Amino acid sequence: MAEIVSANDGNFDSFMNSVKTIIVDFWAPTCTPCKLMEPGLEKIAANYPENVKVLKVNVNENPLTSSRFFVRTLPTLLFIKNGLVKTQLIGAVNPGQIEKTLSEVQ
Amino acid sequence: MEKNWDIIIVGGGPAGLAAAIYCGRSLRKTLVLEKQVFGGQIVSADIIENYPGFAEPIVPAELMDQMSKQALRYGVVLENDEVSGVHYENNSWRVDVYNNFYTAKAIIFAAGSTHRFFNVNGEKELLGRGVSVCATCDAPFFRDRQVAVLGGGDTALAEALHLAKFASTVYVVHRRDQLRAEKILQDRVFKNSKIKLLWDREVLSFTGAQRLEGIELRNKKTAAVEVLACDGAFLAIGTVPNTELIKNIVELDDAGYAITDISLATRSKGLFVAGEVIKGNRRQVSISVGMGVQASLACEDYLASLE
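For the structure given in this document, a descriptive report is provided here. (Residues numbered from 1 in each chain as written. Chains lettered and ligands numbered in written order. Predicted model: local features only at pLDDT ≥ 70, side-chain atom pairs only at ≥ 80, totals over all residues. Heavy atoms only, no water.)

Now for the overall build of chain A. A count of helical and extended segments in chain A gives four helices and five strands. Starting at the N terminus and walking to the C terminus, you meet the elements of chain A as β-α-β-α-β-α-β-β-α. Principal-axis analysis of the C-alpha atoms places the extent of chain A at approximately 30 × 30 × 25 Å. Going through the 106 residues of chain A one by one, you find that 50% of them count as buried. In chain A, once contacts between residues fewer than 6 apart in sequence are set aside, the share between residues at least 24 apart is 71%. (Helix = DSSP H or I, 4+ residues; strand = E, 2+ residues; numbered from the N terminus. Buried < 20%, exposed > 50% of the residue type's maximum accessible area, 1.4 Å probe, protein only. Contact = heavy atoms within 4.5 Å.)

This next bit is on the pairing of strand 3 (residues 77-80) of chain B. Residues and elements named next belong to chain B. Judged from the four bridges that link them, strand 2 (residues 30-34) and strand 3 form a sheet pairing that is parallel. Paired with L33 across the two strands is E79, which belongs to strand 3. Following the backbone out of strand 2, through helix 2 (residues 60-73) and into the adjacent parallel strand 3, one traces a crossover that is right-handed. (Pairing = 2+ DSSP bridges. Right-handed = clockwise from strand over helix to strand, strands pointing away.)

Taken together, the 26 residues of chain B in the interface contact 22 residues of chain A. Here chain B and chain A share an interface that buries about 2,000 Å² over both sides, 58% of which is from carbon and sulfur atoms. Between the two partners, chain B and chain A, sit zero salt bridges. Joining chain B to chain A, the criterion identifies eight residue pairs in polar contact (both at pLDDT 80 or more). When residues in the side of chain B that touches chain A are grouped by element, the largest group, three residues, is from helix 3 (residues 135-138) of chain B. (Buried area = accessible area lost by both parts, 1.4 Å probe. Salt bridge = Lys/Arg side-chain N within 4 Å of Asp/Glu carboxyl O. Polar contact = N/O pair within 3.5 Å; in protein donor to acceptor, adjacent residues only side chain to side chain.)

Let us now look at the environment of B:K196. Residues and elements named next belong to chain B. Mapped onto the elements of the fold, K196 is located in strand 11 (residues 195-198). We classify K196 as partly exposed; its relative accessible area is 39%. In sequence terms K196 and Y171 are 25 residues apart; their C-alpha atoms lie 4.8 Å from each other. Residues contacting K196, with those up to four places away along its chain left out, are T169, V170, Y171 and V172.

Attention shifts here to the sheet that holds strand 8 (residues 131-132) of chain B. All names here are of chain B. Here five strands make up an open sheet; going across it, the order is 8-15-9-10-11 and the pairing parallel. Every other strand in the sheet has two partners, leaving strand 8 and strand 11 as the edge strands with one partner each. Against the sheet, helix 4 (residues 154-163) engages strand 9 (146-150), strand 10 (169-173), strand 11 and strand 15 (232-235), with an angle of about 165 degrees to strand 9. (Axes fitted to C-alpha atoms, helices over the stretch in contact; angles between N-to-C directions.)

All right, on to the packing of helix 2 (residues 32-47) of chain A against helix 4 (residues 95-105) of chain A then. Residue and element names in this part refer to chain A. Helix 4 packs onto helix 2 with a crossing angle of 40 degrees between their chain directions and a minimal axis gap of 9 Å. When the interaxial angle is binned, helix 2 and helix 4 end up oblique. Considering how the two elements wind past one another, helix 2 and helix 4 form a crossing that is right-handed. When helix 2 is examined against helix 4, the residues G40, L41, I44 and N47 are found in contact with a partner set consisting of P95, I98, E99 and L102. Looking at the contact of helix 2 with helix 4 residue by residue, the class counts come to five nonpolar, two polar and one charged. (Parallel < 35°, antiparallel > 145°, perpendicular 65-115°, else oblique. Left-handed = near helix turned anticlockwise from the far one by under 90°. Nonpolar A, V, L, I, M, F, W, Y, C, P; charged D, E, K, R; others polar.)

All names here are of chain B. Neither face of strand 15 is exposed, since G232 and F234 on one face and A233 and L235 on the opposite face are all buried. Note: strand 9 against strand 15, four bridges, orientation parallel. Of the residues in strand 15, the one forming a bridge with V149 is F234.

Here it is, written out as structure tokens:
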């Protein structure tokens, strides 16, 4: 079963060329909506192990990755396919909205 | 998942969860549908200091987590799903969600409200690129930077005080020449050397390409236009009620708030409303909780009258 993987400024690039769709969850310990969204993201990581990789990036510890994608609000979910950002979701969203966006991206 | 319920509560914020606790204790089969996160918008705030019964400040997410658990304890089902329609047909209420629907004998509509936007140039484009609706979530991005909070109520001042822990300067930009917020918050803001007030300013646009660089403002008294350079702009100018789904089945006022009788019943039998969909709520958790309780009691009376 696939799980959410913690990425950081040092290793983020190694995930970019994955053939899977990448969902990047930008979060911080002070962001309560981020914490409340985590079970939904865990479910998505588990349900789509073949096609989707879910990464989480702590913005406090990884400012380079956050600023590279101009992330200035939490929660932010980026959907990346073939190394390109396809779309993003800003604010608290439910698992259904994430799945719907995923189906549009894939 | 069960299809038919006694009561469906639309919205899992303070009003919806308070109603759910009472519906559960009335032994009604109750489903709560929440499109975002259980607990509602208040979970994004850093503290609550005025919820009665707690002498010390409390963390809103913890308070709302307790409310969710209290509802679960009485058999209520909490489901994360977005409601797309509410209709009365074949002697019951039908609630549509993504790829599915449920039915119920009664509805408590507590869908809350959504942040109000200025609807000016640059606002939507720069949302998440410096324009924000959640200071608690986003303040760490603005460490040692200049930011502005737009608004003059409780939310605006609470956000300004939180941002002042991170930012170099926090401008509170308000369209009037006095604040509406609680006096205790005003007192703290006036005493904070990092917070500066700009009165009588109207927002014309948000400027910047990849990220926010400034806010174009007009002084309402002098008509002078200026650009306030800042990296962050936090919108706190109130909310609009989420009543789109019930606009054809309940009476709404000009601003879109639901009109009810004193029991929180609407003109549609079996449809009750609670929380920030009702005018005059003033966006307090304690008021929404009280409304949720009231709506659930009225709903219980209604269901009993059918039996």
